[in-house]
Amino acid sequence: MSEINWMAFVTVFGTSLFAAVFVVALYSLGIRFLATPPRPARRPDGTIVPVGPDRDDEDDDIDEEAGRPRWATIAANVCFGASVVAVLFGIYLIVPALHG
């Protein structure tokens, strides 16, 4: 009977756990950036112009006219791209035929 290399087991477990949390966090952050509402308009006296009725869970869409800020869209795409790259790298590491 062979002996188990526990340190290698713990290393693989820790790395897999970190990678899973990392990919899920990146994807969640990308979704959060896509849900970023536009800045509210301000009147000359500094008060905020109401955009409409209060938002609730069922009416949580982005205003079509104002749209989301450009930086939020770019950040969301970067997060989605990084999560795709992390998943593809994981597949590359798992499949031996891909690395010669």
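For the structure itself, look to the data block above.
Residues numbered from 1 in each chain as written. Predicted model: local features only at pLDDT ≥ 70, side-chain atom pairs only at ≥ 80, totals over all residues. Heavy atoms only, no water.

Q: Run through the overall build of the chain, naming residues and quoting values.
A: In terms of regular secondary structure, the chain is built from 2 helices and 0 strands. The proportion of buried residues among the 100 residues of the chain is 13%. Long-range pairs, those at least 24 residues apart, make up 69% of the contacts in the chain with a sequence separation of at least 6. Carbon together with sulfur atoms contributes 66% to the accessible area of the chain, which is approximately 8500 Å² in total. (Helix = DSSP H or I, 4+ residues; strand = E, 2+ residues; numbered from the N terminus. Buried < 20%, exposed > 50% of the residue type's maximum accessible area, 1.4 Å probe, protein only. Contact = heavy atoms within 4.5 Å. Areas by Shrake-Rupley, 256 points an atom, 1.4 Å probe, with all protein chains shown as cover.)

Q: Explain the packing of aromatic side chains to me, and be specific about the residues and the numbers.
A: Under the counting rule described, the total for this entry stands at 5 aromatic pairs. Ring centres of tyrosine 27 and phenylalanine 80 lie 5.1 Å apart, and the angle between their planes is 50°; this geometry places the pair in the tilted category. Of the two residues, tyrosine 27 is situated in helix H1 (residues 6–34) and phenylalanine 80 in helix H2 (residues 70–94); the sequence distance between them amounts to 53 residues. (Phe/Tyr/Trp six-rings, centres within 6.5 Å; stacked < 30°, edge-to-face > 60°.)

Q: Lay out the environment of asparagine 77 with the relevant residues and their values.
A: With respect to the helices and strands, asparagine 77 occurs in helix H2. Along the primary structure asparagine 77 and phenylalanine 33 are separated by 44 residues, whereas in three dimensions their C-alpha atoms are 9.0 Å apart.

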